[in-house]
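# Breakdown of the fold
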2 protein chains.
Amino acid sequence: MAKPLILVTNDDGITAPGLRALVNYMKELGDVVVVAPDSPQSGMGHAITLDNTLYSQKMQVDFDNGALEEYSCSGTPADCVKLALQELLERKPDICVSGINHGSNSSINVIYSGTMSAAIEAGIEGVPAIGFSLCDYSWEANFVPCGPYIQKIVRESLENGIPNGVVLNVNVPKTEDNGINGIKVCRQARANWKEKFDKRTNPMGKDYYWLTGEFELLDHGEDTDEWALSQGYISLVPTQFDLTAYHAIQQLNTWDL
Amino acid sequence: MAKPLILVTNDDGITAPGLRALVNYMKELGDVVVVAPDSPQSGMGHAITLDNTLYSQKMQVDFDNGALEEYSCSGTPADCVKLALQELLERKPDICVSGINHGSNSSINVIYSGTMSAAIEAGIEGVPAIGFSLCDYSWEANFVPCGPYIQKIVRESLENGIPNGVVLNVNVPKTEDNGINGIKVCRQARANWKEKFDKRTNPMGKDYYWLTGEFELLDHGEDTDEWALSQGYISLVPTQFDLTAYHAIQQLNTWDL
(Lines give C-alpha, C1' and ligand atoms only; values in the text may rest on other atoms or scores of the structure.)
Protein backbone atom coordinates (compact mmCIF):
# COMPACT_ATOMS: atom_id res chain seq x y z
CA MET A 1 0.00 0.00 0.00
CA ALA A 2 1.29 3.47 -0.87
CA LYS A 3 2.34 5.65 1.99
CA PRO A 4 -0.11 8.43 2.81
CA LEU A 5 0.71 11.82 1.29
CA ILE A 6 0.84 14.43 4.04
CA LEU A 7 0.70 18.17 3.32
CA VAL A 8 2.34 20.23 6.07
CA THR A 9 1.77 23.95 6.43
CA ASN A 10 1.62 26.58 9.18
CA ASP A 11 1.31 30.30 9.85
CA ASP A 12 4.61 30.98 11.60
CA GLY A 13 6.55 30.50 8.35
CA ILE A 14 8.56 27.71 6.76
CA THR A 15 11.56 28.12 9.07
CA ALA A 16 9.58 27.95 12.34
CA PRO A 17 10.76 25.29 14.80
CA GLY A 18 7.15 24.13 15.26
CA LEU A 19 6.85 23.30 11.57
CA ARG A 20 10.20 21.56 11.52
CA ALA A 21 9.09 19.41 14.47
CA LEU A 22 5.82 18.55 12.72
CA VAL A 23 7.68 17.56 9.53
CA ASN A 24 9.84 15.19 11.54
CA TYR A 25 6.84 13.57 13.23
CA MET A 26 5.01 13.21 9.92
CA LYS A 27 7.98 11.66 8.10
CA GLU A 28 7.45 8.56 10.25
CA LEU A 29 3.87 8.29 8.98
CA GLY A 30 4.04 9.05 5.27
CA ASP A 31 5.41 11.06 2.37
CA VAL A 32 5.60 14.69 3.43
CA VAL A 33 5.38 17.82 1.27
CA VAL A 34 5.66 21.27 2.85
CA VAL A 35 3.97 24.38 1.43
CA ALA A 36 4.28 27.16 3.98
CA PRO A 37 4.45 30.95 4.15
CA ASP A 38 7.82 32.58 3.57
CA SER A 39 7.22 34.87 6.57
CA PRO A 40 5.17 34.80 9.78
CA GLN A 41 1.38 35.14 9.26
CA SER A 42 0.01 34.97 12.80
CA GLY A 43 -3.41 36.51 13.32
CA MET A 44 -4.18 36.32 9.62
CA GLY A 45 -7.53 34.62 10.15
CA HIS A 46 -8.85 33.22 6.91
CA ALA A 47 -7.30 35.92 4.74
CA ILE A 48 -6.59 35.16 1.09
CA THR A 49 -4.60 37.16 -1.44
CA LEU A 50 -6.98 38.55 -4.04
CA ASP A 51 -5.41 41.81 -5.19
CA ASN A 52 -1.75 40.96 -5.06
CA THR A 53 0.65 38.57 -6.75
CA LEU A 54 1.63 35.28 -5.16
CA TYR A 55 5.17 33.97 -5.36
CA SER A 56 6.19 30.41 -4.62
CA GLN A 57 9.69 29.03 -4.43
CA LYS A 58 10.83 25.42 -4.39
CA MET A 59 13.36 25.02 -1.61
CA GLN A 60 16.55 22.98 -1.62
CA VAL A 61 15.84 20.21 0.85
CA ASP A 62 18.36 18.24 2.86
CA PHE A 63 16.20 15.19 3.47
CA ASP A 64 17.67 14.50 6.89
CA ASN A 65 16.11 17.75 8.01
CA GLY A 66 13.28 18.16 5.58
CA ALA A 67 10.38 16.75 3.63
CA LEU A 68 10.29 15.17 0.17
CA GLU A 69 9.57 18.56 -1.31
CA GLU A 70 9.25 21.98 0.24
CA TYR A 71 7.83 25.21 -1.15
CA SER A 72 7.68 28.64 0.42
CA CYS A 73 4.86 30.96 -0.60
CA SER A 74 4.47 34.71 -0.29
CA GLY A 75 0.80 34.42 0.67
CA THR A 76 -1.31 33.62 3.69
CA PRO A 77 -1.79 30.14 5.17
CA ALA A 78 -5.05 29.71 3.23
CA ASP A 79 -3.23 30.74 0.04
CA CYS A 80 -0.57 28.09 0.71
CA VAL A 81 -3.18 25.35 0.90
CA LYS A 82 -4.96 26.55 -2.24
CA LEU A 83 -1.67 26.71 -4.14
CA ALA A 84 -0.57 23.30 -2.84
CA LEU A 85 -3.79 21.55 -3.81
CA GLN A 86 -4.21 23.21 -7.16
CA GLU A 87 -0.68 23.72 -8.46
CA LEU A 88 2.10 22.10 -6.47
CA LEU A 89 1.02 18.62 -5.37
CA GLU A 90 0.83 15.80 -7.88
CA ARG A 91 -2.18 14.24 -6.18
CA LYS A 92 -4.70 15.10 -3.48
CA PRO A 93 -3.06 14.61 -0.10
CA ASP A 94 -4.48 12.08 2.34
CA ILE A 95 -4.29 14.62 5.12
CA CYS A 96 -3.22 18.21 5.74
CA VAL A 97 -1.59 19.12 9.05
CA SER A 98 -0.95 22.71 10.06
CA GLY A 99 1.43 23.87 12.78
CA ILE A 100 2.78 23.18 15.23
CA ASN A 101 1.78 26.72 16.11
CA HIS A 102 3.89 28.66 18.59
CA GLY A 103 0.99 29.69 20.84
CA SER A 104 -2.57 28.72 21.70
CA ASN A 105 -5.41 28.44 19.20
CA SER A 106 -7.93 27.20 21.74
CA SER A 107 -11.25 28.83 22.50
CA ILE A 108 -12.01 32.05 20.59
CA ASN A 109 -8.43 32.14 19.25
CA VAL A 110 -9.58 29.74 16.53
CA ILE A 111 -11.29 32.71 14.84
CA TYR A 112 -8.05 34.69 14.46
CA SER A 113 -5.83 31.73 13.75
CA GLY A 114 -3.81 31.42 10.59
CA THR A 115 -2.90 27.86 11.61
CA MET A 116 -6.54 26.85 11.71
CA SER A 117 -7.42 28.81 8.58
CA ALA A 118 -5.00 26.61 6.64
CA ALA A 119 -6.60 23.48 8.08
CA ILE A 120 -10.11 24.83 7.43
CA GLU A 121 -9.19 25.69 3.83
CA ALA A 122 -8.09 22.09 3.32
CA GLY A 123 -11.32 20.89 4.94
CA ILE A 124 -13.41 23.06 2.62
CA GLU A 125 -11.59 21.47 -0.31
CA GLY A 126 -12.37 17.98 0.94
CA VAL A 127 -8.99 17.11 2.45
CA PRO A 128 -8.99 15.76 6.03
CA ALA A 129 -7.20 18.37 8.11
CA ILE A 130 -5.87 19.11 11.58
CA GLY A 131 -4.38 22.22 13.14
CA PHE A 132 -1.84 21.66 15.94
CA SER A 133 -0.82 24.33 18.44
CA LEU A 134 1.37 24.36 21.53
CA CYS A 135 0.37 26.79 24.27
CA ASP A 136 3.82 28.34 24.37
CA TYR A 137 4.60 31.43 22.29
CA SER A 138 8.36 31.04 22.64
CA TRP A 139 10.43 30.33 19.52
CA GLU A 140 12.39 27.93 21.77
CA ALA A 141 9.27 26.06 22.90
CA ASN A 142 9.73 22.37 23.64
CA PHE A 143 7.91 20.37 20.95
CA VAL A 144 9.25 16.99 22.12
CA PRO A 145 6.55 15.93 24.62
CA CYS A 146 3.71 16.37 22.14
CA GLY A 147 5.28 14.29 19.36
CA PRO A 148 3.77 10.89 20.17
CA TYR A 149 0.33 12.42 20.78
CA ILE A 150 0.37 14.25 17.47
CA GLN A 151 1.37 11.06 15.69
CA LYS A 152 -1.44 9.20 17.45
CA ILE A 153 -4.05 11.77 16.41
CA VAL A 154 -2.86 11.73 12.78
CA ARG A 155 -2.81 7.92 12.72
CA GLU A 156 -6.33 7.72 14.12
CA SER A 157 -7.51 10.36 11.63
CA LEU A 158 -6.05 8.43 8.69
CA GLU A 159 -7.55 5.18 9.99
CA ASN A 160 -11.05 6.35 10.99
CA GLY A 161 -11.49 9.30 8.67
CA ILE A 162 -12.39 12.75 9.97
CA PRO A 163 -16.15 13.38 9.65
CA ASN A 164 -17.18 15.41 6.57
CA GLY A 165 -17.24 19.16 7.09
CA VAL A 166 -15.15 18.84 10.24
CA VAL A 167 -11.57 19.95 10.89
CA LEU A 168 -9.72 19.13 14.10
CA ASN A 169 -8.34 21.89 16.31
CA VAL A 170 -5.71 20.36 18.61
CA ASN A 171 -4.03 22.36 21.38
CA VAL A 172 -1.23 21.03 23.56
CA PRO A 173 -0.63 22.36 27.06
CA LYS A 174 2.78 23.75 27.93
CA THR A 175 4.33 21.11 30.14
CA GLU A 176 7.60 19.61 31.16
CA ASP A 177 8.46 16.22 29.65
CA ASN A 178 5.94 13.50 30.52
CA GLY A 179 3.58 16.10 31.83
CA ILE A 180 0.75 15.50 29.34
CA ASN A 181 -2.17 13.62 30.88
CA GLY A 182 -3.78 12.47 27.63
CA ILE A 183 -6.20 13.72 24.97
CA LYS A 184 -9.73 15.02 25.53
CA VAL A 185 -12.39 15.69 22.88
CA CYS A 186 -13.84 19.09 23.81
CA ARG A 187 -16.03 21.97 22.77
CA GLN A 188 -14.70 25.50 22.17
CA ALA A 189 -14.82 27.53 25.41
CA ARG A 190 -16.58 30.90 25.29
CA ALA A 191 -14.02 33.65 25.73
CA ASN A 192 -13.01 37.06 24.56
CA TRP A 193 -9.93 39.25 24.36
CA LYS A 194 -10.17 42.45 26.37
CA GLU A 195 -8.29 44.76 24.07
CA LYS A 196 -5.85 47.29 25.32
CA PHE A 197 -4.51 49.68 22.73
CA ASP A 198 -1.09 50.98 23.61
CA LYS A 199 -1.16 54.50 22.12
CA ARG A 200 2.18 56.05 21.13
CA THR A 201 3.47 58.92 19.04
CA ASN A 202 5.89 58.31 16.19
CA PRO A 203 9.00 60.45 15.53
CA MET A 204 6.96 62.49 13.02
CA GLY A 205 4.42 63.38 15.71
CA LYS A 206 1.65 61.11 14.49
CA ASP A 207 -0.27 58.91 16.95
CA TYR A 208 -0.42 55.18 16.42
CA TYR A 209 -1.50 52.11 18.34
CA TRP A 210 -0.25 48.67 19.22
CA LEU A 211 -2.99 46.11 19.71
CA THR A 212 -2.55 44.17 22.92
CA GLY A 213 -5.08 42.40 25.08
CA GLU A 214 -5.94 40.09 27.91
CA PHE A 215 -7.67 36.77 27.48
CA GLU A 216 -10.98 36.70 29.30
CA LEU A 217 -12.45 33.23 29.85
CA LEU A 218 -16.24 33.38 30.10
CA ASP A 219 -16.88 29.67 30.41
CA HIS A 220 -15.82 27.24 33.12
CA GLY A 221 -17.45 24.13 31.65
CA GLU A 222 -15.45 20.97 32.19
CA ASP A 223 -16.18 19.89 28.62
CA THR A 224 -14.24 22.84 27.15
CA ASP A 225 -10.82 23.05 25.57
CA GLU A 226 -9.66 25.59 28.16
CA TRP A 227 -10.57 23.28 31.01
CA ALA A 228 -8.81 20.31 29.42
CA LEU A 229 -5.66 22.37 28.86
CA SER A 230 -5.75 23.69 32.43
CA GLN A 231 -5.76 20.05 33.63
CA GLY A 232 -2.74 19.10 31.51
CA TYR A 233 -4.72 17.40 28.72
CA ILE A 234 -4.40 17.94 25.00
CA SER A 235 -7.70 19.43 23.73
CA LEU A 236 -9.20 18.20 20.48
CA VAL A 237 -12.15 20.28 19.24
CA PRO A 238 -14.05 19.20 16.12
CA THR A 239 -14.47 22.47 14.26
CA GLN A 240 -16.81 23.27 11.37
CA PHE A 241 -17.00 25.83 8.58
CA ASP A 242 -20.76 25.74 8.29
CA LEU A 243 -21.24 28.79 10.52
CA THR A 244 -25.06 28.57 10.51
CA ALA A 245 -26.51 29.02 14.01
CA TYR A 246 -29.27 26.47 13.42
CA HIS A 247 -30.76 27.00 16.88
CA ALA A 248 -31.51 30.64 15.99
CA ILE A 249 -33.42 30.04 12.76
CA GLN A 250 -36.78 29.42 14.45
CA GLN A 251 -36.48 32.55 16.59
CA LEU A 252 -35.58 34.72 13.60
CA ASN A 253 -38.57 33.38 11.72
CA THR A 254 -40.81 35.03 14.34
CA TRP A 255 -39.47 38.47 13.36
CA ASP A 256 -41.56 40.75 11.17
CA LEU A 257 -39.34 40.61 8.09
CA MET B 1 -35.37 57.93 24.71
CA ALA B 2 -31.86 58.34 23.33
CA LYS B 3 -31.34 57.41 19.72
CA PRO B 4 -29.50 54.13 19.20
CA LEU B 5 -25.77 54.45 18.58
CA ILE B 6 -24.88 52.65 15.36
CA LEU B 7 -21.30 51.70 14.47
CA VAL B 8 -20.79 51.39 10.72
CA THR B 9 -17.79 49.65 9.22
CA ASN B 10 -16.90 47.62 6.12
CA ASP B 11 -14.05 45.98 4.26
CA ASP B 12 -14.10 47.92 0.99
CA GLY B 13 -12.78 51.07 2.70
CA ILE B 14 -14.26 54.26 4.06
CA THR B 15 -14.87 55.81 0.62
CA ALA B 16 -16.77 52.83 -0.83
CA PRO B 17 -20.23 53.64 -2.24
CA GLY B 18 -21.69 50.68 -0.32
CA LEU B 19 -20.59 52.16 3.00
CA ARG B 20 -21.85 55.62 2.06
CA ALA B 21 -25.26 54.09 1.24
CA LEU B 22 -25.33 52.22 4.55
CA VAL B 23 -24.46 55.41 6.46
CA ASN B 24 -27.39 57.17 4.82
CA TYR B 25 -29.82 54.37 5.66
CA MET B 26 -28.61 54.23 9.27
CA LYS B 27 -28.84 58.00 9.82
CA GLU B 28 -32.63 57.61 9.69
CA LEU B 29 -32.47 55.10 12.55
CA GLY B 30 -29.95 56.53 14.99
CA ASP B 31 -26.66 58.28 15.71
CA VAL B 32 -24.04 56.94 13.34
CA VAL B 33 -20.29 56.67 13.85
CA VAL B 34 -18.07 55.25 11.11
CA VAL B 35 -14.78 53.44 11.77
CA ALA B 36 -13.64 51.85 8.54
CA PRO B 37 -10.43 50.79 6.79
CA ASP B 38 -8.51 53.46 4.90
CA SER B 39 -8.06 51.06 1.98
CA PRO B 40 -9.85 48.00 0.57
CA GLN B 41 -9.55 44.85 2.71
CA SER B 42 -11.54 42.28 0.76
CA GLY B 43 -10.68 38.67 1.44
CA MET B 44 -9.07 39.56 4.76
CA GLY B 45 -11.05 36.96 6.69
CA HIS B 46 -10.73 37.54 10.40
CA ALA B 47 -7.20 38.93 10.20
CA ILE B 48 -5.99 41.25 12.97
CA THR B 49 -2.85 43.38 13.09
CA LEU B 50 -0.51 41.97 15.71
CA ASP B 51 2.97 42.81 14.51
CA ASN B 52 2.42 46.19 12.93
CA THR B 53 1.35 49.68 13.99
CA LEU B 54 -2.25 50.85 13.62
CA TYR B 55 -3.04 54.38 12.53
CA SER B 56 -6.41 56.03 12.88
CA GLN B 57 -7.47 59.39 11.54
CA LYS B 58 -10.55 61.42 12.40
CA MET B 59 -12.11 62.60 9.17
CA GLN B 60 -13.65 65.97 8.38
CA VAL B 61 -17.33 65.19 7.96
CA ASP B 62 -19.85 67.15 5.98
CA PHE B 63 -22.93 65.93 7.83
CA ASP B 64 -25.13 66.03 4.74
CA ASN B 65 -23.00 63.27 3.35
CA GLY B 66 -21.62 61.69 6.46
CA ALA B 67 -22.06 60.37 9.96
CA LEU B 68 -21.70 62.17 13.30
CA GLU B 69 -18.07 61.14 13.44
CA GLU B 70 -15.93 59.21 11.03
CA TYR B 71 -12.55 57.58 11.50
CA SER B 72 -10.36 55.81 8.99
CA CYS B 73 -8.04 53.09 10.24
CA SER B 74 -4.96 51.51 8.68
CA GLY B 75 -5.94 48.04 9.88
CA THR B 76 -8.26 45.22 8.95
CA PRO B 77 -12.05 45.24 9.45
CA ALA B 78 -11.66 43.34 12.74
CA ASP B 79 -9.05 45.90 13.87
CA CYS B 80 -11.52 48.71 13.09
CA VAL B 81 -14.14 47.19 15.37
CA LYS B 82 -11.66 46.58 18.17
CA LEU B 83 -10.37 50.13 17.92
CA ALA B 84 -13.88 51.58 17.77
CA LEU B 85 -15.13 49.71 20.82
CA GLN B 86 -12.04 50.20 22.92
CA GLU B 87 -10.73 53.65 21.96
CA LEU B 88 -12.94 55.72 19.69
CA LEU B 89 -16.57 55.37 20.79
CA GLU B 90 -17.76 57.07 23.96
CA ARG B 91 -20.15 54.25 24.78
CA LYS B 92 -20.92 50.73 23.63
CA PRO B 93 -22.92 50.91 20.40
CA ASP B 94 -26.42 49.45 20.26
CA ILE B 95 -25.58 47.72 17.02
CA CYS B 96 -22.73 47.33 14.55
CA VAL B 97 -23.49 47.11 10.84
CA SER B 98 -20.84 46.18 8.30
CA GLY B 99 -21.07 46.81 4.56
CA ILE B 100 -22.77 47.18 2.27
CA ASN B 101 -20.21 44.91 0.67
CA HIS B 102 -19.63 45.15 -3.06
CA GLY B 103 -20.04 41.44 -3.75
CA SER B 104 -21.55 38.29 -2.25
CA ASN B 105 -20.74 36.94 1.19
CA SER B 106 -23.23 34.11 1.01
CA SER B 107 -22.42 30.44 1.43
CA ILE B 108 -18.73 29.60 1.96
CA ASN B 109 -17.74 33.21 1.17
CA VAL B 110 -18.54 34.02 4.80
CA ILE B 111 -15.25 32.35 5.74
CA TYR B 112 -13.13 34.71 3.63
CA SER B 113 -15.21 37.81 4.25
CA GLY B 114 -13.76 40.95 5.81
CA THR B 115 -17.30 42.36 6.00
CA MET B 116 -18.44 39.46 8.13
CA SER B 117 -15.24 39.39 10.18
CA ALA B 118 -16.04 42.92 11.36
CA ALA B 119 -19.56 41.88 12.32
CA ILE B 120 -18.29 38.71 14.01
CA GLU B 121 -15.70 40.70 15.97
CA ALA B 122 -18.49 42.94 17.27
CA GLY B 123 -20.55 39.86 18.13
CA ILE B 124 -17.64 38.34 20.07
CA GLU B 125 -17.43 41.57 22.05
CA GLY B 126 -21.14 41.44 22.89
CA VAL B 127 -22.41 44.00 20.38
CA PRO B 128 -25.37 42.94 18.19
CA ALA B 129 -24.04 42.87 14.65
CA ILE B 130 -25.03 42.40 11.03
CA GLY B 131 -23.04 42.14 7.83
CA PHE B 132 -24.74 43.34 4.65
CA SER B 133 -23.60 42.43 1.14
CA LEU B 134 -24.97 43.06 -2.32
CA CYS B 135 -24.30 40.35 -4.91
CA ASP B 136 -22.79 42.85 -7.33
CA TYR B 137 -19.03 43.44 -7.37
CA SER B 138 -19.29 46.67 -9.36
CA TRP B 139 -18.22 49.94 -7.73
CA GLU B 140 -21.29 51.44 -9.45
CA ALA B 141 -23.68 48.83 -8.01
CA ASN B 142 -27.21 50.03 -7.32
CA PHE B 143 -27.72 50.15 -3.55
CA VAL B 144 -31.13 51.83 -3.75
CA PRO B 145 -33.48 48.81 -3.88
CA CYS B 146 -32.02 47.22 -0.73
CA GLY B 147 -32.35 50.33 1.45
CA PRO B 148 -35.80 49.72 2.96
CA TYR B 149 -35.00 46.03 3.59
CA ILE B 150 -31.76 46.86 5.37
CA GLN B 151 -33.56 49.41 7.53
CA LYS B 152 -36.23 46.83 8.35
CA ILE B 153 -33.66 44.22 9.39
CA VAL B 154 -31.81 46.71 11.59
CA ARG B 155 -35.06 47.94 13.16
CA GLU B 156 -36.16 44.38 13.93
CA SER B 157 -32.72 43.58 15.35
CA LEU B 158 -32.82 46.62 17.66
CA GLU B 159 -36.37 45.75 18.74
CA ASN B 160 -36.10 41.98 19.23
CA GLY B 161 -32.42 41.66 20.05
CA ILE B 162 -30.15 39.33 18.10
CA PRO B 163 -29.67 36.01 19.96
CA ASN B 164 -26.46 35.77 22.01
CA GLY B 165 -23.49 34.40 20.14
CA VAL B 166 -25.20 35.01 16.80
CA VAL B 167 -24.33 37.50 14.06
CA LEU B 168 -26.52 38.03 11.00
CA ASN B 169 -25.15 37.51 7.50
CA VAL B 170 -27.44 39.30 5.06
CA ASN B 171 -27.00 39.06 1.29
CA VAL B 172 -29.04 40.98 -1.25
CA PRO B 173 -29.58 39.68 -4.78
CA LYS B 174 -28.58 41.87 -7.68
CA THR B 175 -31.88 43.13 -9.09
CA GLU B 176 -33.44 46.01 -10.91
CA ASP B 177 -35.57 48.37 -8.79
CA ASN B 178 -38.54 46.65 -7.09
CA GLY B 179 -37.11 43.30 -7.99
CA ILE B 180 -36.58 42.04 -4.43
CA ASN B 181 -39.15 39.43 -3.39
CA GLY B 182 -38.62 39.70 0.37
CA ILE B 183 -36.37 38.32 3.10
CA LYS B 184 -35.76 34.64 3.92
CA VAL B 185 -34.04 33.21 7.02
CA CYS B 186 -31.66 30.57 5.65
CA ARG B 187 -28.80 28.24 6.35
CA GLN B 188 -25.37 28.57 4.74
CA ALA B 189 -25.23 26.55 1.51
CA ARG B 190 -22.39 24.07 1.10
CA ALA B 191 -20.05 25.30 -1.61
CA ASN B 192 -16.45 25.63 -2.60
CA TRP B 193 -14.25 27.73 -4.87
CA LYS B 194 -12.51 25.76 -7.59
CA GLU B 195 -9.25 27.62 -7.70
CA LYS B 196 -7.52 28.47 -10.90
CA PHE B 197 -4.08 29.96 -10.54
CA ASP B 198 -3.17 32.19 -13.44
CA LYS B 199 0.61 31.69 -13.71
CA ARG B 200 2.64 34.52 -15.22
CA THR B 201 6.25 35.66 -15.43
CA ASN B 202 7.30 39.08 -14.18
CA PRO B 203 9.67 41.40 -16.11
CA MET B 204 12.54 40.05 -13.99
CA GLY B 205 11.83 36.50 -15.17
CA LYS B 206 10.30 35.26 -11.93
CA ASP B 207 7.04 33.25 -11.97
CA TYR B 208 4.09 34.44 -9.97
CA TYR B 209 0.40 33.63 -9.65
CA TRP B 210 -2.92 35.39 -9.55
CA LEU B 211 -5.56 33.57 -7.51
CA THR B 212 -8.81 33.24 -9.42
CA GLY B 213 -11.58 30.72 -9.09
CA GLU B 214 -15.04 29.50 -9.90
CA PHE B 215 -17.80 29.18 -7.36
CA GLU B 216 -19.00 25.58 -7.09
CA LEU B 217 -22.35 25.12 -5.38
CA LEU B 218 -22.59 21.69 -3.74
CA ASP B 219 -26.00 22.12 -2.16
CA HIS B 220 -29.39 22.68 -3.77
CA GLY B 221 -31.45 22.77 -0.59
CA GLU B 222 -34.34 25.24 -0.72
CA ASP B 223 -33.53 26.38 2.82
CA THR B 224 -30.11 27.76 1.79
CA ASP B 225 -28.93 31.30 1.18
CA GLU B 226 -27.94 30.49 -2.39
CA TRP B 227 -31.42 29.23 -3.19
CA ALA B 228 -33.08 32.30 -1.65
CA LEU B 229 -30.80 34.62 -3.64
CA SER B 230 -31.47 32.70 -6.85
CA GLN B 231 -35.20 33.29 -6.29
CA GLY B 232 -34.76 37.03 -5.79
CA TYR B 233 -34.96 36.96 -1.99
CA ILE B 234 -32.63 38.57 0.49
CA SER B 235 -30.93 35.81 2.50
CA LEU B 236 -30.46 36.19 6.25
CA VAL B 237 -28.25 33.53 7.83
CA PRO B 238 -27.74 33.46 11.60
CA THR B 239 -24.01 32.87 11.92
CA GLN B 240 -22.03 31.79 14.98
CA PHE B 241 -18.46 32.01 16.18
CA ASP B 242 -18.62 28.89 18.31
CA LEU B 243 -17.14 26.66 15.61
CA THR B 244 -17.56 23.43 17.60
CA ALA B 245 -19.01 20.63 15.46
CA TYR B 246 -21.09 19.24 18.34
CA HIS B 247 -22.45 16.40 16.21
CA ALA B 248 -18.93 15.01 15.79
CA ILE B 249 -17.96 14.85 19.47
CA GLN B 250 -19.55 11.46 20.10
CA GLN B 251 -17.91 9.91 17.05
CA LEU B 252 -14.48 11.25 17.99
CA ASN B 253 -14.89 9.83 21.47
CA THR B 254 -14.92 6.34 19.92
CA TRP B 255 -11.37 6.86 18.60
CA ASP B 256 -8.45 5.25 20.40
CA LEU B 257 -6.88 8.47 21.71
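Residues numbered from 1 in each chain as written. Chains lettered and ligands numbered in written order. Predicted model: local features only at pLDDT ≥ 70, side-chain atom pairs only at ≥ 80, totals over all residues. Heavy atoms only, no water.

### A closer look at the relation of the copies chain A and chain B
- When chain A is brought onto chain B, the operation consists of a screw motion whose angular component is 180° and whose axial shift is 0.0 Å, with 0.0 Å RMSD remaining. A rotation of that kind, with that shift, is consistent with a two-fold axis.
- Looking at chain A, 100% of its interface residues are interface residues in chain B too, so the copies touch through the same face. (Least-squares fit on C-alpha atoms with pLDDT ≥ 70 in both. Contact = heavy atoms within 4.5 Å.)

### Points about the interface of chain A and chain B
- Every contact between the two is made by 75 residues of chain A and, on the other side, 75 residues of chain B.
- At the boundary of chain A with chain B, total buried surface from both sides reaches about 7100 Å², with 65% on carbon and sulfur atoms.
- Broken down residue by residue, the surface that chain A buries against chain B is led by A:L243, A:W255 and A:L257, which jointly contribute 11%.
- At the boundary of chain A and chain B, one finds two salt bridges.
- Between B:K82 and A:E195 there is a salt bridge whose closest N-O contact spans 2.3 Å. (Buried area = accessible area lost by both parts, 1.4 Å probe. Salt bridge = Lys/Arg side-chain N within 4 Å of Asp/Glu carboxyl O.)

### A short note on the UniProt feature "binding site: a divalent metal cation" (unreviewed entry) in chain A
- In the numbering used here, UniProt assigns the "binding site: a divalent metal cation" (unreviewed entry) feature to A:D11, A:D12, A:S42 and A:N101. Taken together, the annotated residues stretch across 91 residues yet fold into one region, lying no more than 9.1 Å apart by C-alpha.
- Mapped onto the elements of the fold, A:S42 is located in the loop between β2 (31-37) and β3 (56-58).
- Assessed through its relative accessible area of 32%, A:S42 is described here as partly exposed.
- Residues contacting A:S42, with those up to four places away along its chain left out, are A:D11, A:D12 and B:L50.
- Turning to its location among the elements, A:N101 is positioned in strand β5 (residues 95-102).
- When neighbours within four sequence positions are excluded, A:N101 is seen to be in contact with A:D11, A:D12, A:T115, A:F132, A:S133, A:L134 and A:F143. (UniProt positions renumbered as here; feature names shortened; annotations may be inferred. Helix = DSSP H or I, 4+ residues; strand = E, 2+ residues; numbered from the N terminus. Buried < 20%, exposed > 50% of the residue type's maximum accessible area, 1.4 Å probe, protein only.)

### A closer look at the nonpolar core
- A:V35, A:I111, B:V35 and B:I111 are the most contacted members of the largest nonpolar core, which has 70 residues in total.
- Once residues within four sequence positions are removed from consideration, A:V35 is found in contact with A:L7, A:V8, A:T9, A:Y71, A:C80, A:A84 and A:L88. (Core = buried A, V, L, I, M, F, W, Y, C linked by side-chain atoms within 4.5 Å.)

### Comments concerning the side chain of A:N10
- Examined against the element boundaries, A:N10 turns out to sit in the loop between β1 (5-9) and α1 (17-27).
- Of note is the side chain of A:N10, whose polar atom sits 2.9 Å from the backbone oxygen of A:G13. (Polar contact = N/O pair within 3.5 Å; in protein donor to acceptor, adjacent residues only side chain to side chain.)

### A few points about the pattern of salt bridges
- What the rule picks out here adds up to 20 salt bridges over all chains.
- Ionic pairing is found between A:R200 and A:D198, a salt bridge with its closest N-O pair at 2.9 Å.
- One salt-bridge network, held together by shared partners, links A:K82, A:E121 and B:E195.

### Re the sheet that holds strand β6 (residues 129-134) of chain B
Residues and elements named next belong to chain B.
- Taken together, the nine strands give an open sheet; going across it, the order is β3-β4-β2-β1-β5-β6-β7-β11-β8, and neighbouring strands pair in mixed fashion. In this open sheet, the two strands that pair with only one neighbour each are β3 (56-58) and β8 (183-185). Strand-to-strand twist across the sheet, computed as the mean angle between neighbouring axes with direction ignored, equals 20°.
- Pairing of β6 with strand β7 (residues 166-172) involves five bridges; the strand directions are parallel. What sits directly across from S133, in β7, is N171.
- Packed on one face of the sheet, helix α1 (residues 17-27) meets β1 (5-9), β2 (31-37), β4 (69-73), β5 (95-102) and β6 and runs near 140° to β5.
- Contacting β1, β5, β6, β7 and β11 (234-240), helix α3 (residues 114-124) runs over the sheet at an angle of about 170° to β6. (Pairing = 2+ DSSP bridges. Axes fitted to C-alpha atoms, helices over the stretch in contact; angles between N-to-C directions.)

### Considering the packing of aromatic side chains
- Applying the stated criterion across every chain, the model contains eight aromatic pairs over all chains.
- A ring pair is formed by A:Y208 and A:W210, whose centres lie 6.3 Å apart and whose planes are at 80°; its orientation type is edge-to-face.
- Residue A:W210 is classed as partly exposed on the basis of its relative accessible area of 27%.
- Taking 5.5 Å as the distance between ring centres and 65° as the angle between the ring planes, the aromatic pair formed by B:W193 and B:F215 counts as edge-to-face. Of this pair, B:W193 sits in strand β9 (residues 191-201) while B:F215 is found in strand β10 (residues 207-217), placing the two residues 22 residues apart along the sequence.
- The cationic tip of A:K184 hangs over the ring face of A:Y233; the distance from NZ or CZ to the ring centre is 4.4 Å. (Phe/Tyr/Trp six-rings, centres within 6.5 Å; stacked < 30°, edge-to-face > 60°. Lys NZ or Arg CZ within 6 Å of the ring centre and 35° of its normal.)

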